[in-house]
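Letter by letter, the chains look like this.
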Amino acid sequence: EGMTVFPWLTVLALLPLVGAALLIFIKGSAAKSLSLAVSVLAFAVSLGVLFGFQPGGGMQFTEQVTWIKPFGVHYALGVDGIGLTLVLLVTFVTPLVILASWNDFDGGKAAWIASGNQAAPAPKYDARVFFALVLVVESLSLFVFTATDVFMFYVFFEAILLPMYFLIGGFGGARRSYAAVKFLLFGLLGGFVMLASVVGLYVLSARAGEPSYLLSDLSQLDIATGTGRWLFVGFMFAFAIKAPMVPFHTWLPDAAEESNPGGATMMVGLMDKIGTFGMIRFCLGLFPEASQWATPVVLVLAVISILYGAIAAIGSRDLMRLIAYTSISHFGFMVMGIFAFTTQSMVGSTLYMLNHGLSTALLFLIVGYFIKRRGSRDVFAFGGVQTNTPVAASLWMFAALATCSLPGLSTFVSEFMVLAGTFSRHPAFAAVATVTIVLAALYMLLMYQRTMTGPVTPEVERTVTDDLSGRERLAIAPLVILVLVLGFFPKPMLDVIEPAVQATMQHVGVSDPQPWVTAEGGR
């Protein structure tokens, strides 16, 4: 694997961090402009990486420097098709979050609402701290998705908890402190359990000769069956919390409910993908035998998550909480696609991570606009809104249809691939998961009906008067365009993802099931 001459990935991941540091010295609206400029520049660099990327060429843009020699820790970065997909998601969504949150904390007041009809408590910090934290989350996410050294991955996996904690606790609603602490405790618990496995890997690699945390070295280790399973459980536990799977999901609805829309997008749309990404890169990459051994349990939990998330969403009155529950359901699909072990389901799952990031960003940001105007997050505080704000209402409808995977939108492609791929190996699980398509239509259309249709209520008439501004439309438009383009033409992303998935499948030692065709040509 050739080392790159220019450290593209280091530059890409450090850009937002440098931008965040510069914000300390800049006041007023110049701070916003700087954070937007930095995030757009990071997106431009990630496009450069995309154009220089050779699908099927394994790990690329690799960088490797010895960091802590006695422990075999390296500063090592690289991207394959799976990592690149998530890098592009992060750099694409972050500038849109910054644009959408532009005036949210001007003059030390929150422009959106806590719960019921209470105004949100004043933010604990200056508005530029919000933009700095968003950039720090972007930077650490990029390091996580490009790290090819397990110890380095672990450091950034834990570090990202801090800026996210301050985004929830500093700029959240009335119960923000509770939600932020709960988020942090769950994250740290997963990290501590994973740390035991990280230490275990050091012991194993040291016994085998030279200690090393490089993925390329560790994946060659001959790990005893029992040991591999214990280490797998440590990693899987941390990832199941991060990609909130039932029963480790309870932190997410609270954290999303108390976050402001921009913070919620960074958390659910971008940061939580670390869980599903980690399952492919580390659980399957390091413990192929244990991954197959754990499959029955993981698939059962995934299907429970799919159904539970959808049913809880139907019963939610709080708009932000409702979106969080839909995400628990969607993460169940991603996990099911990974552990169904077919090329189609795993490619679908990776594409699902990208599409879920886009559709969730769309939903959180558009719903955020309404919450700011109406002064409430309660579904029943709305009614007849589409009469006053036709553009915003139609975009809400678009976001709702993208969330329930309407054919023609990008989310449909990934959901169909996950279900079809799973069906070829585990028809029963796929059949149960398919029921959720009906539930998804129910929770999204009910939400739309209750908030947007019917006669205009007096409160809405008084509060929700102006449609989307130019800046708000600008933040939403790229998401809408990409969801449509990838819905009709997913091939460019599939070409990037598929070779990386095939390499993972080969490493795990599973091949796709044979099609069910008998000699007579009948089924």
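In every chain, residue numbers begin from 1 and rise along the written sequence. With the structure being a predicted model, the display of local features is reserved for residues of pLDDT at least 70 and the display and counting of side-chain atom pairs for 80 or more, all residues being used for whole-chain, interface and lining totals. In computing side-chain values, all of the structure's heavy atoms are included and hydrogens and water are not.

**Student:** What am I meant to see in the overall build of the protein chain here?
**Tutor:** From N to C terminus, the protein chain includes 23 helices and two strands. The C-alpha atoms of the protein chain give a radius of gyration of 22 Å, which matches the 24 Å a tight globule of 523 residues would have. A principal-axis box enclosing the C-alpha atoms of the protein chain has dimensions of 70 × 65 × 40 Å. Classification of the 523 residues of the protein chain by burial places 61% in the buried group. Contacts: residue pairs with any heavy atoms within 4.5 Å of one another. Sequence-distant contacts, at least 24 apart, represent 82% of the contacts inside the protein chain between residues at least 6 apart. The distance from the centre of the 27 positive side-chain charges to the centre of the 29 negative ones in the protein chain is 8 Å. Numbering of helices and strands starts at the N terminus; helices are DSSP runs of H or I of at least 4 residues and strands are runs of E of at least 2. Every radius of gyration here is taken over C-alpha atoms, with the globule rule written as 2.2 Å times N^0.38, N being the number of residues. Buried residues are those whose accessible area, probed at 1.4 Å on protein chains only, stays under 20% of the maximum for their type, while exposed residues exceed 50% and partly exposed ones sit between those limits. The convention is simple: Lys and Arg are positive, Asp and Glu are negative, and His and the chain ends are not counted. Charged side chains are reduced to one point each, which is NZ for Lys, CZ for Arg, CG for Asp and CD for Glu.

**Student:** What's the story with a nonpolar patch on the surface in this structure? I'm lost.
**Tutor:** A cluster of nonpolar side chains, contributed by Leu14, Leu17, Val18, Leu22, Ile24 and Phe25, occupies part of the molecular surface with about 580 Å² of accessible area. Relative to the helices and strands, Leu14 is located in helix H1 (residues 8–22). Here, patches come from residues exposed beyond 30% relative accessible area and free of salt bridges, joined within 9 Å for like charges and within 5 Å for nonpolar side chains (Val, Leu, Ile, Met, Phe, Trp, Tyr). Accessibility throughout is a Shrake-Rupley quantity obtained with a 1.4 Å probe, and a residue counts as covered only by protein chains that appear here. Whenever Lys or Arg places a side-chain nitrogen within 4 Å of a carboxyl oxygen from Asp or Glu, that contact is recorded as a salt bridge.

**Student:** What's the story with the environment of Lys182 in this structure? I'm lost.
**Tutor:** Summarising the element assignment, Lys182 is placed in helix H7 (residues 176–207). In the structure, Lys182 is positioned 167 residues away from Ser349 in sequence and 28 Å away in space, judged by C-alpha atoms. Apart from residues lying up to four places away in sequence, Lys182 is in contact with Thr250, Trp251 and Asp254. A distance of 2.7 Å separates a polar atom in the side chain of Lys182 from a polar atom in the side chain of Asp254. Here a polar contact is recorded for every N or O atom pair within 3.5 Å, except that within protein the pair must consist of a potential hydrogen donor and a potential acceptor, and residues adjacent in sequence are included only if both atoms are side-chain atoms.

**Student:** Would you mind going over the side chain of Ser259 with me for this structure?
**Tutor:** Take Ser259: it is sitting in the loop between helix H10 (251–258) and helix H11 (261–271). A polar contact of 2.7 Å, which involves the side chain of Ser259, links it to the backbone oxygen of Ala255.

**Student:** Honestly, the environment of Asn103 in this entry has me stumped. Any pointers?
**Tutor:** Mapped onto the secondary structure, Asn103 falls in the loop between helix H3 (81–100) and helix H4 (127–146). A relative accessible area of 36% places Asn103 in the partly exposed class. Sequence separation between Asn103 and Lys32 is 71 residues, and the spatial gap between their C-alpha atoms is 9.5 Å. In terms of polar contacts, Asn103 uses its side chain to reach the side chain of Lys32, at 3.5 Å.

**Student:** Would you mind going over the nonpolar core with me for this structure?
**Tutor:** Note on soluble globular proteins: their nonpolar side chains tend to be buried together. Put simply, buried Ala, Val, Leu, Ile, Met, Phe, Trp, Tyr and Cys residues joined by side-chain atoms within 4.5 Å make one nonpolar core. With 189 residues, the main nonpolar core has Val150, Phe235, Met267, Met336, Phe339, Ile366 and Trp396 as its most contacted residues. The biggest single contributor to this core is helix H15 (residues 343–374), with 17 residues. Residues in contact with Ile366, not counting those within four places in the same chain, are Ala392, Leu395, Trp396, Ala399, Leu468 and Ile476.

**Student:** Help me out: how do you make sense of the pattern of salt bridges in this one?
**Tutor:** Oppositely charged side chains are able to pair whenever their charged atoms sit close together. Evaluated as defined, the whole model comprises 16 salt bridges. The closest approach of N and O atoms between Asp378 and Arg317, which form a salt bridge, is 2.6 Å. You can see Asp378 sitting in the loop between H15 and helix H16 (385–388) and its partner Arg317 sitting in the loop between helix H13 (288–314) and helix H14 (319–339), a full 61 residues away along the chain.

**Student:** Where do I start with the environment of Val79 in this structure?
**Tutor:** Along the chain, the position of Val79 falls in strand S2 (residues 73–79). Sequence separation between Val79 and Ala500 is 421 residues, and the spatial gap between their C-alpha atoms is 9.8 Å. With residues up to four places along the chain from it excluded, the contact list for Val79 reads Leu9, Val49, Phe53, Gly58, Met59, Gln60, Phe61, Leu84, Val87 and Thr146.

**Student:** Would you mind showing me how to read the pairing of strand S1 (residues 60–68) here?
**Tutor:** For a regular strand, the rule is simple: side chains alternate between the two faces of the sheet. Pairing analysis gives six bridges linking S1 to S2, with the strands arranged antiparallel. Residue pairing for S2: Glu63 is matched across the bridge by Leu77. DSSP bridges decide pairing: two strands pair if at least two such bridges lie between them. The turn linking S1 back onto S2 is made up of four residues, and Gly72 within it adopts a positive phi angle of 70 degrees.

**Student:** Even after reading the chapter, I still don't get helix H20 (residues 436–452), so can you show me in this structure?
**Tutor:** Spacing of three or four residues puts side chains on the same side of an α-helix, whose turn is 3.6 residues. For H20, built from 17 residues, the straight-helix expectation of 24 Å at 1.5 Å per residue is met to within 8% by its first-to-last C-alpha distance of 24 Å. Buried within H20 are the following residues: Thr436, Leu439, Ala440, Tyr443, Met444, Met447, Tyr448, Thr451 and Met452. What you see down the axis of H20 is that its buried residues fit within an arc of 160 degrees, all on one side. The secondary structure elements touched by the buried residues of H20 are H13, H14, H15, H16, helix H17 (390–403) and helix H19 (427–434). In a helix, the anticipated span is given by 1.5 Å times the number of residues less one. The arc in question is traced by the directions running from the helix axis to the C-beta atoms.

**Student:** Got a minute to help me understand the packing of aromatic side chains in this structure?
**Tutor:** Given two aromatic rings, their pairing is described by the distance between the two centres and the angle made by the two planes. Here the aromatic set is Phe, Tyr and Trp, taking the six-membered ring for Trp, and pairing holds for ring centres within 6.5 Å; pairs whose planes are under 30 degrees apart are stacked, those over 60 apart are edge-to-face, and all others are tilted. Taken as a whole and assessed by the stated rule, the structure comprises 28 aromatic pairs. Aromatic pair Phe130 and Phe171: ring centres 5.4 Å apart, planes at 70 degrees, arrangement edge-to-face. Of the two residues, Phe130 sits in helix H4 while Phe171 sits in helix H6 (residues 161–171), which places them 41 residues apart along the sequence. A relative accessible area of 0% places Phe130 in the buried class. For Phe171, a relative accessible area of 1% translates into the label buried.

**Student:** Explanation requested: the packing of H3 against helix H22 (residues 470–488) in the structure shown.
**Tutor:** In helix packing, the relevant descriptors are the interaxial angle and the interaxial distance, both defined with respect to the helix axes. Every axis corresponds to a line fitted to the C-alpha atoms, with the helix fit spanning only the stretch in contact, and the corresponding angles, defined between N-to-C directions, vary from 0 to 180 degrees. Direction vectors running N to C along H3 and H22 enclose 155 degrees, while the axes themselves pass 8 Å from each other. Accordingly, the angle class assigned to the pair H3 and H22 is roughly antiparallel. H22 is crossed by H3, and the crossing has left-handed handedness. Listed contacts from H22 to Phe92, Val93, Leu96, Leu99 and Ala100 of H3 are Arg471, Leu474, Ala475, Pro478, Leu479 and Leu482. An angle below 35 degrees is read as roughly parallel, one above 145 as roughly antiparallel, one from 65 to 115 as roughly perpendicular, and any other as oblique. Take the far helix as your reference; a near helix turned counterclockwise from it by less than a right angle gives a left-handed crossing, and one turned clockwise gives a right-handed crossing.

**Student:** I tried to follow the side chain of Glu472 on my own but got confused; where do I start?
**Tutor:** Among the secondary structure elements, Glu472 is positioned in helix H22. A polar atom in the side chain of Glu472 sits 2.7 Å from the side chain of Arg373. In contact with Glu472, not counting residues within four places along its chain, are Tyr369, Arg373 and Asp467.

**Student:** I keep staring at unusual backbone geometry and nothing clicks. Help me out?
**Tutor:** The phi angle of most residues is negative, glycine excepted, and most peptide bonds adopt the trans form. The peptide bond linking Val246 to Pro247 adopts the cis configuration, its omega dihedral lying at 10 degrees. Position of Pro247 among the secondary structure elements: in the loop between helix H9 (225–242) and H10. For Phe61, which is not glycine, the phi torsion reads 55 degrees and is therefore positive. For Phe61, the position within the fold is in strand S1.

Bear in mind that shape data such as this cannot, by itself, settle questions of function.
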